[in-house]
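Here is how the chains run, residue by residue.
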Amino acid sequence: MLTTLVESGPLRLADFAADSVGLPDLRGVGLHLISLERCVPVLGALHDLLDPWEQEQARSIANRNRRTAHIASRALIRLALSEFSGKMVHPDAWRFTTNPYGKLTLARANRRKLSFSISYAMSMLAIGISENPQIGIDLEPIPDWTYADVTWDSLTERETLTLLSLPAVERYPAFLKIWTLKEAYTKCLGVGVSLDFRDIEVSFNPTRVTARTPRPVLILHQHEVATADRRFMLAL
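The structure contained in this document is the topic of the report that follows. (Residues numbered from 1 in each chain as written. Predicted model: local features only at pLDDT ≥ 70, side-chain atom pairs only at ≥ 80, totals over all residues. Heavy atoms only, no water.)

**A few points about the packing of aromatic side chains**
Operational definition: Ring geometry is summarised as follows: Phe, Tyr and Trp rings, the Trp one being its six-membered ring, pair when their centres sit within 6.5 Å, and such pairs are stacked at plane angles under 30 degrees, edge-to-face over 60 and tilted between the two. Each helix is a run of DSSP H or I of at least 4 residues and each strand a run of E of at least 2, with the numbering of both proceeding from the N terminus. Buried means the residue's accessible area, taken with a 1.4 Å probe over protein chains only, is under 20% of the maximum for its type, while exposed means over 50%, and partly exposed covers the values in between.
Tallied over the full model, the rule gives 4 aromatic pairs. Between the aromatic rings of Phe175 and Trp179, the centroid separation amounts to 5.9 Å while the plane-to-plane angle is 40°, which identifies the pairing as tilted. Separated by 4 residues within a single helix, Phe175 and Trp179 lie in helix H5 (residues 168–189), roughly one turn from each other. Classification of Trp179 by relative accessible area gives partly exposed; the value is 22%. What links up through ring pairs into an aromatic cluster is the set Tyr172, Phe175, Trp179 and Phe197.

**Considering the pairing of strand E8 (residues 208–211)**
Definition in use: Two strands qualify as a pair provided DSSP detects at least 2 bridges between them.
Burial along E8 is one-sided: Val209 and Ala211 are buried, while Arg208 and Thr210, pointing the other way, are not. Direction of pairing for strand E7 (residues 200–203) relative to E8: antiparallel, over a ladder of 4 bridges. Each residue of the ladder has a partner; that of Val202, found in E8, is Val209. Both E8 and strand E9 (residues 218–219) contribute to a ladder of 2 bridges, which runs antiparallel.

**A closer look at the pairing of strand E1 (residues 29–35)**
With respect to burial, E1 is a largely interior element, 6 of its 7 residues being buried. Bridge count for E1 against strand E5 (residues 124–131) is 7 bridges, and the pairing is antiparallel. Within E5, the residue paired with Leu33 across the bridge is Ala126.

**Some remarks on the sheet that holds E5**
Strands in a sheet are paired, the pairing made by backbone hydrogen bonds, and the direction either parallel or antiparallel. Convention followed: All axes here are fitted lines through C-alpha atoms, helices being fitted over the stretch that makes contact, and every angle between N-to-C directions spans 0 to 180 degrees. We call two residues in contact when some of their heavy atoms are within 4.5 Å.
As summarised here, the arrangement of the 3 strands in space is E1-E5-E4, forming an open sheet in which the pairing is antiparallel. Across the chains shown, the open sheet's two edge strands, defined by having one partner strand only, are E1 and strand E4 (114–121). Shown here is a sheet whose adjacent strand axes are inclined to one another by a mean of 15°, direction ignored. Across the sheet, helix H3 (residues 64–84) touches E1, E4 and E5, and the angle it forms with E5 is around 35°.

**Some words on the environment of Leu155**
Assignment of secondary structure puts Leu155 in the loop between strand E6 (138–141) and helix H4 (157–164). Residue classification places Leu155 among the buried residues on the basis of a relative accessible area of 6%. Spatially, the C-alpha atoms of Leu155 and Ile178 are 8.4 Å apart, while their sequence positions differ by 23 residues.

**Structural notes on the sheet that holds E9**
A sheet is described by the order of its strands in space; here 3 strands give the open sequence E7-E8-E9, paired in antiparallel fashion. Strands with a single pairing partner mark the edges of an open sheet, and in this sheet they are E7 and E9. Contacting E7, E8 and E9, H5 crosses the sheet at an angle of about 125° to E7.

**Side note on the side chain of Thr227**
Within the secondary structure, Thr227 is located in the loop between strand E10 (222–226) and strand E11 (231–235). Ignoring anything within four residues of it in the chain, the contact list for Thr227 reads Asp19, Ser20, Leu33, Met124 and Phe232.

**Things to note about the packing of H4 against H5**
The angle between the axes and the distance between the axes are what describe a pair of packed helices. To keep things clear, this is the line we draw: If an angle is under 35 degrees, it is roughly parallel; if it is over 145, roughly antiparallel; if it lies from 65 to 115, roughly perpendicular; otherwise it is oblique. When residues are sorted by character, Ala, Val, Leu, Ile, Met, Phe, Trp, Tyr, Cys and Pro go into the nonpolar class, Asp, Glu, Lys and Arg into the charged class, and all the rest, Gly among them, into the polar class.
Where H4 contacts H5, the two axes come as close as 9 Å, and the packing angle between them is 155°. When the axis of H4 is compared with that of H5, the two are roughly antiparallel. Along the contact surface, H4 presents Glu159, Leu163 and Leu164, while H5 presents Arg171, Ala174, Phe175, Ile178 and Lys182. Each residue belonging to the contact of H4 with H5 can be placed in one class, and the counts come to 5 nonpolar, no polar and 3 charged.

In C-alpha cells:
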C-alpha cells in the first residue's frame with residue numbers, strides 16, 4: 001500500500017501547478033499544467049482518491065515514473081472536475097470508465113456534459129476540462145536542438161510538401177505544430193490511434209483539422225508554454 005509522505009491538510013489543485021508562462025485563459029475551459037514532481041510527497045493521499053480498479057492498475061505498473069503519472073493524473077482530474085463544477089461534487093465521488101478505444105471518460109452521464117482530456121510530457125501533466133463540446137489536449141516538449149527527426153509517415157502529402165518547402169531549421173518546429181494538433185483532434189473524438197494520422201490534415205489561419213473519413217472539422221487552439229527550464233507545445 002502506498003503511504004502518504006506528507007500530511008498537509010486537504011489536497012488543493014493549485015499546490016501542484018507548475019510555474020509556467022503562456023498558459024492560455026480560454027472561455028469555458030479549465031486548463032491546468034501540473035508538475036508531477038510536486039505530486040510525489042503526497043502520492044499516498046492522491047492514491048486514496050482512486051477507485052480500487054485504478055489502484056490495481058497502479059500496482060501493475062513497474063516503472064516508478066509511469067506509476068506516479070498514473071496515480072497523479074487520475075487523482076488530479078478529480079480535483080480539476082470538482083473545481084470546474086464549483087465544488088458541488090467531492091473529488092472522491094467522480095467515477096471513470098474507458099470507451100472502446102481506451103479513452104478515459106466519466107462513468108455516469110452528467111447534466112453539464114463535462115468532458116476532460118490529459119497529456120503527459122516529461123515531468124509535466126496537462127489537464128483540460130470543458131463543458132460541451134468535447135475536449136482533446138496534447139502537450140509535447142520543444143527540443144533544445146534544431147534538427148530533430150520528423151515523423152514523415154504521419155503526414156499527408158500536402159503537409160509533407162509544406163515541410164519540404166521550408167528551410168531545414170524550420171521543419172521540426174512546423175512538424176511539432178502539426179503533430180500536437182493531430183493528437184488533440186483524435187483525443188477530442190475519443191478514437192485514439194484507430195484514426196490514421198495520414199488521414200488527418202492540418203491547416204492554419206485559422207488552425208483547422210480535417211479528417212478524410214466522415215469526421216467533424218475542428219478549429220483548435222495552439223500555444224507555446226514555458227516553464228523555468230523547458231518549452232512545450234500545447235494544442236487543444
